[in-house]
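# Chains, contacts and geometry: an overview
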Amino acid sequence: MTTATAGKGLEGIVAANSGICWIDGDAGVLAYRGMDIHELAEHSTFEETTYLLWNGKLPTAPQLEEFKKHLAAARRIDVRVIDLLRSLPTTGTPMEVLRTAVSALSFYDSDEYDNTHEGNVRKGNRLTSQIAMIVAIYDRLRKGKNIIEADPSLSHAANFLWMLNGERPSETATKTLDIALILHADHELNASTFAARVIAATLSDIHSAITGAIGALKGPLHGGANEAVMRLLYDIDKTGKEPVEYVKDLIAKKQKIMGFGHRVYKTEDPRATHLRRMSEQLSRDSGQHKWYDWSRAIELYINSEKKLNANVDFYSASTYTMLGIDVDLFTPIFAVSRIAGWTAHVIEQLDDNRLIRPRAEYIGPGYPNHWVPVENR
Ligand code: ACO
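Bear in mind that the values here come from a model prediction, so they are computed numbers and not experimental data.

## Some thoughts on the site of the ligand
Taken together, 18 residues lie around the ligand, and His222, Lys256, Ile257, Gly259 and Arg263 are the ones closest in. Gly259 is positioned with one of its backbone polar atoms (N or O) 2.8 Å from an oxygen atom of the ligand. Within the side chain of Asn311, an N or O atom sits 2.9 Å from an oxygen atom of the ligand. Contact with the protein chains covers 64% of the free accessible surface of the ligand, which is 910 Å². Assessed atom by atom at 2 Å from the grid points, the ligand resides in the largest pocket.

Listed below in structure tokens is the structure:
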């Protein structure tokens, strides 16, 4: 077979056939199973969207009820994983803790060695519920608070907020988070999903694939950017500088502004449209204007000066902050949603698997480069 050399970062390379997610980066279109993200954000729920991603079509009313019941019933974590959470250093970030805990969950999963389609659906179901629980439980443990029992009567988004805060979430908070979870649920062959597919393709197991995906998501060039955006806004607040002037200085120092730019979108990231709207709405409702106002001023400046658009991470920062969520939980919340897409991709990969093993263009010393005894070097 002939080989072609890919550009740096595999830009523009089509590395898989997939029927899950379609992106038109020039037109700013994102669709799950052909359904436009704007329609899903307006009408769907995280549970229904997850069903769509996993099954290729929207559920009927009884199918949706059954699916929600399964997710609620899966809100259970072995006590030994909770003990593990208690034993981890408090210096660990929630994202590191999530990575470690997801790996540990495999030991206590009754389907640990079942790599069939059905086994992975069951494990994906459990992981979807458990990832949200781990994020909420670890946040309470590190703050010296009690663990809140899951409530099966609540939706995925509402149960997460309930277990995080120990208070019934408002309708606005639940709806805002639910939409954010829909928007983050899948994104074709992004770095973490590609990592998950590479791991799954070796016929390893779904817990390994998701653990690897969490590691990839954590980086600031990927999901970690939402935390970096908020840290930038906090720095602006601390220094008292004018936001656009602050960002101008960073640009002059050739630094990247987190939450802007995208490998695929050449126009507005359609997810940012909803997050901007929700950030603005929360800002109006709460009277906390600065985070939205500063974000908007920075966005307008970066648009005009650098011709870069805000991506999904930019307005999720101010949105989550106005929901009262701590900054280091932002990327874990990305995982709370993206587990839906990761699972869909692992299952799709295994339904028609072949090992993913590309080649490298060798640019090292010429061959043969002979070994020399240590005394002669
Ligand atoms: N701020 C300033 N300049 C930028 C930014 C940015 N956020 N993003 C891209 N650029 C510039 C680069 O400096 C580069 O300029 P040059 O050609 O003069 O050197 C050019 O635009 C192309 O940038 P690359 O980094 O080569 O683009 P790539 O496609 O490799 O990277 C990425 C895409 C990683 C998203 C990039 O835009 C970036 O680093 N953004 C900030 C981090 C971020 O927000 N990540 C989240 C992405 S969405 C997600 O993963 C959920």
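## Here we look at the sheet that holds strand E2 (residues 29–32)
Strand order in the open sheet formed by 3 strands is E1-E2-E3, with antiparallel pairing between adjacent strands. Every other strand in the sheet has two partners, leaving strand E1 (21–24) and strand E3 (35–36) as the edge strands with one partner each.

## Here we look at the packing of helix H8 (residues 171–184) against helix H15 (residues 312–322)
It is the contact of H8 with H15, at a shortest axis distance of 12 Å, that shows an interaxial angle of 160°. Looking at the two axes, H8 sits roughly antiparallel to H15. With respect to the hand of their crossing, H8 and H15 are arranged in left-handed fashion. Residues Thr176, Leu177, Ala180 and His184 of H8 pack against Val312, Ser316, Thr319 and Tyr320 of H15. Across the contact of H8 with H15, the residue classes tally to 4 nonpolar, 4 polar and no charged.

## Regarding the domain arrangement of the protein chain
The figure often quoted for interface size is the accessible area lost as the parts come together. In terms of domains, the protein chain is made up of domain 1 (21–220 + 329–351) and domain 2 (225–322). Distance between the C-alpha centres of domain 1 and domain 2: 25 Å. Each partner contributes to the interface: domain 1 provides 28 residues, whereas domain 2 provides 27 residues. A buried area of about 2,100 Å², summed over both sides, lies between domain 1 and domain 2, and 68% of it is on carbon and sulfur atoms. If you look at where domain 1 meets domain 2, you find 0 salt bridges. Our count for the contact surface shared by domain 1 and domain 2 stands at 6 residue pairs in polar contact (both at pLDDT 80 or more). Contributions of two or more residues to the side of domain 1 that touches domain 2 are made by E1, E2, helix H1 (37–43), H8 and helix H16 (330–351).

## Quick word on empty space enclosed by the protein
Under the counting rule described, the total for this entry stands at 1 cavity of 30 Å³ or more. Forming the boundary of the largest cavity are Pro94, Val97, Leu98, Ile134, Val135, Tyr138 and Pro332. Listed by contribution, the elements that provide at least two residues to the lining of the largest cavity are helix H5 (94–105) and helix H6 (117–142). A class-by-class count of the residues in the lining of the largest cavity yields 7 nonpolar, no polar and no charged.

Reading the values: the criteria
- Residues numbered from 1 in each chain as written.
- Predicted model: local features only at pLDDT ≥ 70, side-chain atom pairs only at ≥ 80, totals over all residues.
- Heavy atoms only, no water.
- Near = heavy atom within 4 Å.
- Polar contact = N/O pair within 3.5 Å; in protein donor to acceptor, adjacent residues only side chain to side chain.
- Areas by Shrake-Rupley, 256 points an atom, 1.4 Å probe, with all protein chains shown as cover.
- 1 Å grid on protein atoms, 1.4 Å probe; cavity = no way out; pocket = protein on both sides within 12 Å on 5 of 7 lines; lining within 4 Å.
- Sits in = over half its atoms within 2 Å of the grid points.
- Pairing = 2+ DSSP bridges.
- Helix = DSSP H or I, 4+ residues; strand = E, 2+ residues; numbered from the N terminus.
- Axes fitted to C-alpha atoms, helices over the stretch in contact; angles between N-to-C directions.
- Parallel < 35°, antiparallel > 145°, perpendicular 65-115°, else oblique.
- Left-handed = near helix turned anticlockwise from the far one by under 90°.
- Contact = heavy atoms within 4.5 Å.
- Nonpolar A, V, L, I, M, F, W, Y, C, P; charged D, E, K, R; others polar.
- Domains from an automatic or database assignment.
- Buried area = accessible area lost by both parts, 1.4 Å probe.
- Salt bridge = Lys/Arg side-chain N within 4 Å of Asp/Glu carboxyl O.
- Points joined across faces, edges and corners; volume = space filled by probe spheres on them.

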